[in-house]
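# Overview (structure and organization)
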Amino acid sequence: MTARPLEKYMKADAIRALKSGTLVLELGAFSTRVKLSDRRSVAFFLDMYADCLVTLGDCALSDFSLTVRPPNQFRKYFRHQVVPDPGFGFPAAPLPVSMSPLALEMGLNLSVALQCFRYAIFHAGVVAEGDQALIIAAKSGGGKSTLTAALMEEGWRLLSDEFAILDLEEASLRGYPRPVSLKNASIDVVRGFAGKDQVSETLHGTPKGSIAYRRPRRGDIERMALPARPRVIVFPAFTEGAAPRCQEIDLADTAMQLIASSPNYQVIGERAFTGLMTMLDGMKAYEIEYGSTEDSLALVSDLWRSHVS
Amino acid sequence: MTRRRRDIKAFFCIATGRAGLPDTPSDLAAFVSWAQESHILGQVAAVVTAEVGSKLYDILENARLRSSYDRRMLTFETNRVRRALMGADIQPILLKGSAYVAEHLLAGVGRRVSDIDILVPEEHLKETEKLLGQAGWRAEESTAGAYDQQYYRRWMHELPPLRHETRRTLIDVHHRLLPRTSRIRPDHLKLMADARLIEGSDLMVFSPTDRFIHSAIHIFGDGAFETPARSFIELFYLYSDLTGAERQSLMLRAKDVGAETPVREALWMLGEYFDIQAKGGKAPWLLKWCIRTVTDGQGGLVYLANALLYVRSHYMRMPLPLLAGHLWKKALRRV
Amino acid sequence: MSAGPNSDDWVWVVDPDHFIIYEIGDTTFVFSRLSGTTHMLNLVSRAMLDFLTGKPKTLGEVVAGFADYLQVPKEECPSGVVRRLFDELDDVGLVERILP
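This structure is a prediction, so every number in the text was calculated from the model and none was measured.

Analysis parameters
- Residues numbered from 1 in each chain as written.
- Chains lettered and ligands numbered in written order.
- Predicted model: local features only at pLDDT ≥ 70, side-chain atom pairs only at ≥ 80, totals over all residues.
- Domains from an automatic or database assignment.
- Helix = DSSP H or I, 4+ residues; strand = E, 2+ residues; numbered from the N terminus.
- Nonpolar A, V, L, I, M, F, W, Y, C, P; charged D, E, K, R; others polar.
- pLDDT = per-residue confidence, 0-100.
- Contact = placed C-beta atoms within 7 Å.
- Buried ≥ 20, exposed ≤ 12 C-beta atoms within 10 Å, placed from the backbone.
- Arc of directions from axis to C-beta.
- Pairing = 2+ DSSP bridges.
- Axes fitted to C-alpha atoms, helices over the stretch in contact; angles between N-to-C directions.

Attention shifts here to the domain arrangement of chain A. Residues and elements named next belong to chain A. Taken domain by domain, chain A consists of domain 1 (4-115) and domain 2 (120-307). A separation of 24 Å is found between the C-alpha centroids of domain 1 and domain 2. Mapped onto the side of domain 1 that touches domain 2, the elements with two or more residues apiece are helix 2 (39-48) and helix 3 (100-115). When residues of the side of domain 1 that touches domain 2 are assigned to their parent elements, the largest contribution, 8 residues, is made by helix 3. Classifying every residue of the side of domain 1 that touches domain 2 by side-chain character gives 13 nonpolar, 2 polar and 3 charged.

And the structure:
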C-alpha cells in the first residue's frame, strides 16, 4: 500500500477517506492522519494538497492525527463552528466553519510543533537552491511568507513555510512543504506573481485578518525528501517605503533567538544544543529591511552570492 | 474500526512486552492507535523493537525522546527539592512517578509524568512549605483565591499545588494519602514508618508492597479512571516487582493499613487484563462494568460510564452534605 | 529566591561531566545536563564556572579567592557580587554539594 499523489485517487474515494479519518498525508518528515467533516476544508485540502502523497485506508501508521470537527454536538447544528483537534486535548479556540481551512492549517502546525521530538524545530521558513538552504526567520509582520513565496517564484525550492526542521545527526534541514500562509496585502501581491490558480480563496475576517494559501508545487513535493544544508539565515523586516538595508548580525544572538523560537528545543535537550551549534558553524546571519518585493529579492541575492559560492 | 474486549487484553499484552506486535498492518495500526490515544507509547517503546527506518520506528523513537525529557525533568526537580531542604532534617517520601523514576523501576520507564509528589509528616508541613517557598515554589494562581486555599488546607491531603516561579514546574506536597474526608482511611503513618532511604540521598520511598498499595489507593480509591491503560500498566509493573513472599503478605498488609477494598479491586483488574491469578481480587459489579466500558473505549455507553466514574470519584472524597456545599460555593463563584 | 540554604562548612564543586560548552566568538554557551537548560555566559560568569570546575570549595573560599583568580583588586569584586555569581550556578544545578 504505497502513497500516491492525492489527485490520482478518485475524488469520491478521497472525500470518503477524509470524512472517515482514513487518509494519511505523507509529507516529508511527517505523516499525519487527517479527518475533516465540513465541505469547505475538504475542498481546500483536495485543492492545496493535490500533488501531495497520501495513503487511503486504516493500515497506515502516522506520526500525528488531526481532526477538524465541531467543538461539540450543539455546534454541529447551530452557528456552525469547527475546532482543530490534534488528539491531546489542546484548548484551541473554535472558528466559524467558513474558516475551516485555517483550522486545518493551524491544526497541522500544532501537531508538529507540540508533538515532534525527533527533529529540532525552529519557527522559520526554509527555501533551498540545490542542496543549500536559506532560513527565513519568522517575526510577526516581518514578511517571511511573502519573501518565501517570492523566492519560490525565482526558482528556489520550498522546504517549509512554518518550521525549520533540523536533523540533529546530519545538521541538515528536512522538507515539509505545506501551503505557504499569506496575510492581508501580501495575498494579492503573491497572486500577482504566482497566478490565481496557485493561491487559495481568501478567508476574510479571521483573527489574523485576511488569509490565503499558496500551494506547494509538484517540484517541491517531488524533492521533499532531499535534505539541505543551511548556509544563511535572514531576519526580514518589511516596512512601507523603506530603503533596502542589510546588516550582518551576531551568530550568538541568532542562537538565542532560534532557541527562543523553538517549541521543542528544551524537550530534546543536549542533542538539540549540539545540533544547533553544529548547524550555525560556518553560517552567516543578516537582518534585512525593505519596502518592496524586488528589493527583498535583490538583498537576498546579494548576500547569498557573497557568502555561498 | 471496532475493537472487541478481547483485543484490549491482547493490546495490554503487547504493550508490556509479553507478546509480539500484531502480524497484519491493520491490527498493527489499531494497536498503535490505541497506544497513541492512551498516551503509553513511551512504555511501548521500552519493550518493542521496530525496524530502523520504518514509520513505527519513528513513532516509538519520538515517544522515547518525550519520556526521556520527563525523566530528566523529574530527576532535576527531585534534585531541586533536595537542594531546597538541604540541612533541614526533613526526609520527604517520594510518591508515584517521582519514586518510580528515582528507583529505576519498570513502572517508571517510558512513563509520562508531569508533577513531583512528596509526602512529609504533618508536623513538618509548615517548614517544608517555607523552605520550598524560599527556593521559588509558590501557590498556583488557580487555587490562590481565599476559598480554594482555605478548602485545600482544611480538607485535602496536600498543600495547594506549588509552582516554581521560573521553571514553571509543579510540586504537590502531601501530608496524608487521601483527603481527610475520604471514605477510605489508609493509615499513612504505618506506610511512612516502613519507608526507606534512597541510596545516597535523604529522600525516601515506600516499601515495594506499600508502593503497590498506594498506587491501588490512588487509582481505585481516588481517581476517575481518566487514563485506564496508563494506570493499569503501572499497577501491573508494580505487582511484577513484588517477590513471592511480598505477594503472599499483600492482602494482610492491605487490611492492616486500611486499604483492603482498593487493593482487592486492583487485583481484580490484574486478573481481568493481565491474567494474574492473585487471591482476593474482587470488585462491585457496577465498577467492573464501568471500567470495562471505558477501557474498551468505544460505543455510546462510554459517556455514561465516564460520568458514573466521575461521580464515584467525588463520592469517594467527600460525604454528600460537604460535597453539596463545596459544589454550591464553586458554582456561585463562576456566576 | 535562592536554590536553598547554605552553610560555611558545605563544600561545593562543578562536575565537568555535567555540562557541555560551545563558544561562538566571545560568547560562551553552556548546556547543563542536569537541568537541560542552555545558558549564555559572559566572561565573569564563565570565570566562576571555571573557578569551581573540578576544584571543591566552600562558599567562604569562593568569596575569598575569586578576586585573586580573576586577577583584579578585591574592591572590584564585592562579596555580594561573588555570591550572586555563585547563586546563578546553584540555581541551575551546575554547582553541586559534596557530602562529607
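Moving on: the confidence of the model for chain B. In this model, chain B carries an average pLDDT of 89, and 89% of its residues clear a pLDDT of 70 or more. Across the whole predicted complex the pTM is 0.91, and at the interface the ipTM reaches 0.93.

This part is about the interface of chain C and chain A. At the interface, 11 residues of chain C touch 11 residues of chain A. Within the residue set of the side of chain C that touches chain A, elements represented by two or more residues are strand 2 (19-24), strand 3 (27-32) and strand 4 (38-41) of chain C. Its residues assigned to classes, the side of chain C that touches chain A comprises 6 nonpolar, 4 polar and 1 charged.

Here we take up helix 1 (residues 43-52) of chain C. Residue and element names in this part refer to chain C. By the burial criterion, the buried members of helix 1 are Met-48, Leu-49 and Leu-52. For helix 1, the buried positions fall inside an angular range of 100° around the axis, keeping them on one side. Of the surrounding secondary structure, the elements contacted by the buried residues of helix 1 are strand 1 (11-14), strand 3, strand 4, strand 5 (57-58), helix 3 (79-91) and strand 6 (95-98). Gly-54 sits one or two residues past helix 1 and shows a positive phi near 70°.

So, about unusual backbone geometry. Phi is positive for A:Asn184, close to 45°, though the residue is something other than glycine. Along the chain, A:Asn184 turns up in the loop between strand 13 (180-183) and helix 5 (185-194). Phi is positive for C:Gln71, close to 60°, though the residue is something other than glycine. Note on placement: C:Gln71 falls in the loop between helix 2 (59-70) and helix 3.

It is worth spelling out the sheet that holds strand 1 of chain C at this point. All names here are of chain C. Taken in spatial order, the 3 strands of this open sheet run 5-1-6, and their pairing is antiparallel. Where the open sheet ends on each side, the last strands, each with one partner, are strand 5 and strand 6. The strands touched by helix 1 within the sheet are strand 1, strand 5 and strand 6, with strand 1 carrying the most contacts at an inclination of about 110°.

Taken together, the contact between chain B and chain A spans 16 residues of the former and 13 residues of the latter. Here the side of chain B that touches chain A takes 10 residues from helix 4 (residues 55-84) of chain B, the largest share from any one element. Residues belonging to the side of chain B that touches chain A are distributed by class as follows: 8 nonpolar, 2 polar and 6 charged.

With that out of the way, let us pick up the environment of B:Gly136. Mapped onto the fold, B:Gly136 is located in the loop between helix 6 (125-134) and strand 3 (137-139). Between the C-alpha atoms of B:Gly136 and B:Ala15, which are 121 residues apart in sequence, the distance is 39 Å. If we ignore the near neighbours within four places in the chain, the residues touching B:Gly136 are B:His164, B:Glu165, B:Thr166 and C:Met1.

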